[in-house]
Amino acid sequence: MPTKKTNSTRERILANAEALTLKQGFAGTSIDKILTATGITKGAFFYHFKSKAELARALVERYWARDYQLFEQLSERADELSNDPLQSMLIFLKLFEEFIEKWEEPPEGCIFASYVYESQQFDEAIGTFIADGFKEWKKLYEDRIEQIMKKYPPQIKIDAGELAEMIMCIIEGGFILSKSLQDAKLIARSVKQFRRYLQLIFER
């Protein structure tokens with residue numbers, strides 16, 4: 001059907017644009033380079049995206065939806081395996097570690113990070129979208145940590161929001177270190193250390 005073909009072409013544009021952006025930045029990713037990588041005409045590109053700015057917005061929305069869906073799935077699976085807030089959080093982190101450990105190559109990077117570093121290339125709405133995305137990620141972790149604190153008084157004074165920011169920094173910073181050191185398993189090891197830190201704080 002035509003719709004299926006259209007969706008496939010749009011997805012190929014987005015996939016190639018994302019790969020190019022992660023390698024050389026959005027400013028260095030011209031429409032011509034995207035056309036060459038995708039094997040389509042300018043007419044086909046502009047059928048799906050009115051401008052490079054519209055493509056930029058679609059890229060961050062796609063990246064956000066894909067990653068948040070992963071975290072939601074891991075979160076739901078963890079809750080299925082345990083109704084204890086601490087154990088569920090530890091399982092959630094372990095599931096994420098196992099997901100990362102399957103990578104044979106380090107990640108190329110993070111679209112959000114690429115956009116933040118090139119913020120002058122985009123309108124304010126994209127920056128707001130990225131910031132809101134990070135806030136929603138933070139809320140996912142913060143809600144879990146608050147539930148743990150209600151049942152297990154921490155061994156030291158902590159703040160749920162700050163712990164949520166900590167794991168986010170570990171993951172986002174892990175993308176940079178993993179790529180720089182060419183170590184595909186670095187993020188998984190870092191998340192494991194955060195998991196052990198939670199155990200030290202909450203377990204008796």
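Read on for an overview of the structure. Quick caveat, the model's predicted, so the values are computed rather than measured.

1. Considerations on the overall build of the protein
Okay, so step 1: A tally of helices and strands in the protein yields nine helices and zero strands.
Okay, so step 2: Walking the protein from its N terminus toward its C terminus, one meets helices and strands in the order α-α-α-α-α-α-α-α-α.
Okay, so step 3: Reported as C-alpha extents along the three principal axes, the dimensions of the protein are approximately 65 × 40 × 35 Å.
Okay, so step 4: Within the protein, buried positions represent 44% of all 204 residues.
Okay, so step 5: Just so you have it, the protein exposes about 11,400 Å², and 53% of that area is on carbon and sulfur atoms.

2. Some remarks on the pattern of salt bridges
Okay, so step 1: Applying the stated rule across the entire model yields 13 salt bridges.
Okay, so step 2: Between Lys 139 and Asp 143 there is a salt bridge, with its nearest N and O atoms 2.8 Å apart. Placement of both Lys 139 and Asp 143 in helix α7 (residues 124-151) is noted, with a separation of four residues, approximately one turn of the helix.
Okay, so step 3: Among the residues examined, Lys 139 registers a relative accessible area of 48% and is labelled partly exposed.
Okay, so step 4: Overall, Asp 143 belongs to the partly exposed group, its relative accessible area being 32%.
Okay, so step 5: Salt bridges linked by common partners bring Glu 11, Glu 18, Arg 62 and Arg 66 together as one network.

3. Re unusual backbone geometry
Okay, so step 1: The phi dihedral of Gln 182 is positive, around 55°, even though this residue is not glycine.
Okay, so step 2: Inspection of the secondary structure assignment puts Gln 182 in the loop between α8 (160-181) and α9 (186-202).
Okay, so step 3: Of the residues examined, Gln 182 reaches a relative accessible area of 54% and is grouped as exposed.

4. What to know about a negative patch on the surface
Okay, so step 1: Taken together, the side chains of Glu 72, Glu 76, Asp 132 and Glu 136 define an acidic patch exposed on the protein surface.
Okay, so step 2: At the level of elements, α4 (52-81) and α7 are the ones that each hand at least two residues to the negative patch.
Okay, so step 3: Here Glu 76 lies in helix α4.

5. A short note on the side chain of Thr 38
Okay, so step 1: Looking at the element boundaries, Thr 38 is found in helix α2 (residues 31-38).
Okay, so step 2: Look at Thr 38 and you get buried, because its relative accessible area is 7%.
Okay, so step 3: Setting aside anything within four residues of it in sequence, one finds Thr 38 in contact with Arg 12, Ile 13 and Asn 16.

6. A few points about the packing of aromatic side chains
Okay, so step 1: All told, the structure shown has 14 aromatic pairs when counted by the stated rule.
Okay, so step 2: When the ring of Phe 45 is compared with that of Phe 46, the centres are 5.1 Å apart and the planes differ by 90°; the resulting orientation is edge-to-face.
Okay, so step 3: Residue classification places Phe 45 among the buried residues on the basis of a relative accessible area of 0%.
Okay, so step 4: Classification of Phe 46 by relative accessible area gives partly exposed; the value is 38%.
Okay, so step 5: Here the aromatic rings of Phe 45 and Phe 49 are separated by 5.8 Å at their centres, their planes lie at 45°, and the arrangement is tilted.
Okay, so step 6: Taken together, Tyr 63, Trp 64, Tyr 68, Phe 71, Phe 92, Phe 96, Phe 112, Phe 134, Trp 137 and Tyr 141 form an aromatic cluster joined through their ring pairs.
Okay, so step 7: Between Lys 52 and the ring centre of Phe 26, over which it is positioned, the NZ or CZ distance is 4.4 Å.

7. Some points on α8
Okay, so step 1: Compared with an ideal rise of 1.5 Å per residue, which puts 22 residues at 32 Å, α8 spans 31 Å between its outermost C-alpha atoms and is within 8% of the ideal.
Okay, so step 2: Residues of α8 that are buried include every one of Ala 160, Gly 161, Leu 163, Ala 164, Ile 167, Met 168, Ile 170, Ile 171, Gly 174, Phe 175 and Ser 178, and no others.
Okay, so step 3: In the core, the buried residues of α8 are packed alongside α4, α5 (85-101), α7 and α9.
Okay, so step 4: Put simply, Asp 159 is the residue that caps the front of α8, since its side-chain oxygen is 2.9 Å from the backbone nitrogen of Gly 161.

The rules we used
Residues numbered from 1 in each chain as written. Predicted model: local features only at pLDDT ≥ 70, side-chain atom pairs only at ≥ 80, totals over all residues. Heavy atoms only, no water. Helix = DSSP H or I, 4+ residues; strand = E, 2+ residues; numbered from the N terminus. Buried < 20%, exposed > 50% of the residue type's maximum accessible area, 1.4 Å probe, protein only. Areas by Shrake-Rupley, 256 points an atom, 1.4 Å probe, with all protein chains shown as cover. Salt bridge = Lys/Arg side-chain N within 4 Å of Asp/Glu carboxyl O. Patch = residues over 30% accessible without salt bridge, like charges linked within 9 Å, V, L, I, M, F, W, Y side chains within 5 Å. Lys, Arg positive; Asp, Glu negative; His and termini not counted. Charge placed at Lys NZ, Arg CZ, Asp CG, Glu CD. Contact = heavy atoms within 4.5 Å. Phe/Tyr/Trp six-rings, centres within 6.5 Å; stacked < 30°, edge-to-face > 60°. Lys NZ or Arg CZ within 6 Å of the ring centre and 35° of its normal. Expected span 1.5 Å × (residues − 1). Polar contact = N/O pair within 3.5 Å; in protein donor to acceptor, adjacent residues only side chain to side chain.

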